[in-house]
Amino acid sequence: MATSKEYIQYLLDQLSGLEGISSRSMMGEYIIYYKERIAAYVCDERLLVKPVEAAKAYIPDGVFEPPYEGAKDMLLVENVDNPEYLKGLFEAIYEELPPPKKKK
């Protein structure tokens, strides 16, 4: 089941309090960028963040799931209805997210 445009728009609305949020479609699913760094995947109507240490601390009882078959596990974010919670999560993980790769 691919992620609907309505769901990704809902998540982007929830994250609208952050500067530098954007998304990109990828084969029916989405990548969410925070200040040009990959912060999360949205797959099958699920928000999954990179499992950096700050994310694990922010969601201590979090569930790890792969975004798609064969992928590395990511941390499932279930509290998507709380914009302040999401804002805090993305701000907490930012420093640990890998910077974008330089284009050749």
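Further up the page is the structure itself.
Computed from a predicted structure; not experimentally measured.

Peer 1: Quick rundown of the nonpolar core? Include the residues and the values.
Peer 2: The biggest cluster of nonpolar side chains holds 28 residues, and the ones touching the most others in it are L47, V49, V77, F90 and I93. Elements that contribute at least two residues to this core include exactly α1 (5-14), β2 (29-34), β3 (37-43), β4 (46-49), α2 (53-58), β6 (74-77) and α3 (83-93). Per element, the largest residue contribution to this core is five residues, and it comes from α3. Residue contacts for V77: discarding those within four places in its chain leaves L47, V49, I59, Y85, L86 and L89. Counting seven residues, the second largest nonpolar core, distinct from the first, contains Y33, Y41, C43 and L76.

Peer 1: I'd like a rundown of the packing of aromatic side chains, residues and numbers included.
Peer 2: In the structure shown here, the tally under the stated rule is three aromatic pairs. Plain terms: the ring middles of Y58 and Y85 are 5.1 Å apart, the flat faces sit at 55 degrees to each other, and that makes the pair tilted. Residue Y58 is found in helix α2, and its partner Y85 is found in helix α3; the two are separated by 27 residues along the sequence. Taking the relative accessible area as the measure of exposure, Y58 reaches 28% and is therefore partly exposed.

About the thresholds
Residues numbered from 1 in each chain as written. Predicted model: local features only at pLDDT ≥ 70, side-chain atom pairs only at ≥ 80, totals over all residues. Heavy atoms only, no water. Core = buried A, V, L, I, M, F, W, Y, C linked by side-chain atoms within 4.5 Å. Buried < 20%, exposed > 50% of the residue type's maximum accessible area, 1.4 Å probe, protein only. Helix = DSSP H or I, 4+ residues; strand = E, 2+ residues; numbered from the N terminus. Contact = heavy atoms within 4.5 Å. Phe/Tyr/Trp six-rings, centres within 6.5 Å; stacked < 30°, edge-to-face > 60°.

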